[in-house]
Amino acid sequence: MASYRGNVAPTARPAPESGAGPIIRHIGLHDLQDALRLGWEDFKAVPSHAIILCVIYPVLGLVLARTVLGYSVLPLLFPLAAGFALLGPFAALGLYELSRRREAGEPASAADALDVLRSPSFGAMLGLGTLLLALFVVWVATAQAIYVAAFGYTAAADIPDFLERVLTTPQGWWLIVVGCSVGFLFALVALCISVVSFPLMLDRHAGTVDAIVTSLRVVARNAIPMAAWGFIVAVLLVLGSLPLFLGLAVVIPLLGHATWHLYRKVVAPDPNARPVAPRPHRERRSAADFPVAILPWWRRNRS
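Reading guide: rules and limits
Residues numbered from 1 in each chain as written. Predicted model: local features only at pLDDT ≥ 70, side-chain atom pairs only at ≥ 80, totals over all residues. Heavy atoms only, no water. Helix = DSSP H or I, 4+ residues; strand = E, 2+ residues; numbered from the N terminus. Buried < 20%, exposed > 50% of the residue type's maximum accessible area, 1.4 Å probe, protein only. Contact = heavy atoms within 4.5 Å. Areas by Shrake-Rupley, 256 points an atom, 1.4 Å probe, with all protein chains shown as cover. Salt bridge = Lys/Arg side-chain N within 4 Å of Asp/Glu carboxyl O. Phe/Tyr/Trp six-rings, centres within 6.5 Å; stacked < 30°, edge-to-face > 60°. Expected span 1.5 Å × (residues − 1). Arc of directions from axis to C-beta. Patch = residues over 30% accessible without salt bridge, like charges linked within 9 Å, V, L, I, M, F, W, Y side chains within 5 Å. Axes fitted to C-alpha atoms, helices over the stretch in contact; angles between N-to-C directions. Parallel < 35°, antiparallel > 145°, perpendicular 65-115°, else oblique. Left-handed = near helix turned anticlockwise from the far one by under 90°.

1. A word on the overall build of the protein
(1) Moving on: Along its length, the protein carries 14 helices and two strands.
(2) Moving on: Within the protein, buried positions represent 43% of all 303 residues.
(3) Moving on: Put simply, 73% of the contacts in the protein that link residues at least 6 apart link residues at least 24 apart.
(4) Moving on: Accessible area for the protein stands at about 16,300 Å²; split by element, carbon and sulfur atoms hold 69% of it.

2. Some remarks on the pattern of salt bridges
(1) Moving on: In the structure shown here, the tally under the stated rule is 12 salt bridges.
(2) Moving on: Here Arg37 and Asp34 are joined by a salt bridge, their closest N and O atoms 2.5 Å apart. Placement of the pair is Arg37 and Asp34 together in helix α1 (residues 29-45), with a separation of three residues, close to one helical turn.
(3) Moving on: By relative accessible area, Arg37 is classed as partly exposed at 38%.
(4) Moving on: A residue is classified by how much of its surface remains accessible, and Asp34, at 17% relative accessible area, is buried.
(5) Moving on: Close ionic contact of Glu106 with Arg101 constitutes a salt bridge, the shortest N to O distance being 3.6 Å.
(6) Moving on: Among the residues examined, Glu106 registers a relative accessible area of 32% and is labelled partly exposed.

3. Side note on the packing of aromatic side chains
(1) Moving on: Enumeration over the complete set of coordinates arrives at five aromatic pairs.
(2) Moving on: Between Trp139 and Phe186 the ring centres are 5.6 Å apart and the planes differ by 55 degrees, which places this aromatic pair in the tilted class. Taken together, the residues span a long stretch of sequence, with Trp139 in helix α7 (residues 122-151) and Phe186 in helix α9 (residues 170-194) at a distance of 47 residues.
(3) Moving on: Classification of Trp139 as buried rests on a relative accessible area of 6%.

4. A few points about helix α12 (residues 223-241)
(1) Moving on: An ideal rise of 1.5 Å per residue puts 27 Å on 19 residues; α12 measures up with 27 Å between its terminal C-alpha atoms.
(2) Moving on: What α12 keeps buried is the set Pro225, Met226, Trp229, Val233, Leu237 and Gly240. For α12, the buried positions fall inside an angular range of 110 degrees around the axis, keeping them on one side. In α12, the exposed residues that point more than 90 degrees away from the buried face are Ile224, Phe231 and Leu239.
(3) Moving on: In this fold, the buried residues of α12 make contact with α1, α4 (77-91), α9, α11 (208-221) and α13 (248-266).

5. Section: the environment of Pro75
(1) Moving on: Position of Pro75 among the secondary structure elements: in the loop between α3 (56-71) and α4.
(2) Moving on: For Pro75, a relative accessible area of 18% translates into the label buried.
(3) Moving on: On a C-alpha basis, the gap between Pro75 and Ile159 in space is 9.6 Å, while along the polypeptide they are 84 residues apart.
(4) Moving on: Every residue in contact with Pro75, bar those within four places of it in the chain, is listed here: Tyr147 and Phe162.

6. Observations concerning a nonpolar patch on the surface
(1) Moving on: On the surface, a nonpolar cluster with roughly 460 Å² of combined accessible area is contributed by Ile159, Leu163, Leu167, Trp173 and Ile176.
(2) Moving on: Looking at the nonpolar patch, the elements with two or more residues in it are α8 (159-168) and α9.
(3) Moving on: Sort the elements by how many residues they give to the nonpolar patch and α8 lands first, with three residues.
(4) Moving on: Summarising the element assignment, Trp173 is placed in helix α9.

7. A word on the environment of Ala111
(1) Moving on: Positionally, Ala111 belongs in helix α6 (residues 110-113).
(2) Moving on: Take Ala111: its relative accessible area is 47%, and that puts it in the partly exposed class.
(3) Moving on: Residues Ala111 and Gly94, 17 residues apart in the sequence, show an inter-C-alpha distance of 9.6 Å.

8. Focus on the packing of helix α5 (residues 93-103) against α13
(1) Moving on: Running from N to C, α5 and α13 cross one another at 55 degrees; their axes reach a closest spacing of 8 Å. As far as their axial angle goes, α13 and α5 are oblique. Classified by chirality, the crossing of α13 by α5 is right-handed. Residues Leu95, Tyr96, Leu98, Ser99, Arg100 and Glu103 of α5 form the contact with α13, whose own contacting residues are Ile252, Pro253, Gly256, His257, Thr259, Trp260, His261 and Arg264.

No statement about biological role is implied by the geometric values presented.
Below, the structure written as structure tokens:
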């Protein structure tokens, strides 16, 4: 796969490996900045496509806010919003594909982003995505249990009542400390198992276990940069969530593209990479061809 200038920092050094897994580089904080810069360039190059792919986030945020206001599940607003970060690595699959295609000098469009669905490793991606979804569900259930432990099952009357409970009572302070601490642990688990897993599966068609192991090795070898990356992700997600979650339409694609470039910096290219046969070109058909288009044997008999 071809790469363009700035894809790999010259100061990143491959580390010797005894196993057959990918070679993990040592990176610095400046590499995180460069990954964000390259991610921003990708976003500027295909902004409409990225927003189309990620508009589900602000839509979900608005629906969530309306649901909270209408059905008295206000205590779960923050846990649900924060939990989106657990699912972000899987939801950004199309963004990784866009960055990959731009890197290789190939066309990058919304339709091309959907090519990730035809990847040989999409089953592995779906498996890890399911694991992240399970992590999200457990986090929401845990957050609900923490709130019940602090305030019982009595629901807050409205937003001012909820804020007064949380910010002005000892139970509320306990809720903030315990909730943020437990949430940090969930976010740490998600970061460790998925920081480069999906890009690796897209790039090398790795299996779920191999991708998770590589991601864990990346975090272990680059603990400080990965901790800083997790902090950057958290801050950007908070900033994107503030204006009714609409900022996530920019933050999510930026982080998705930047994650691809972070993967490129921290995982050395495969020296034994084999060229992948190009996918067969599919003939484009119009709606007028329906239903003949789905019956190839009928078309052959008619021709």
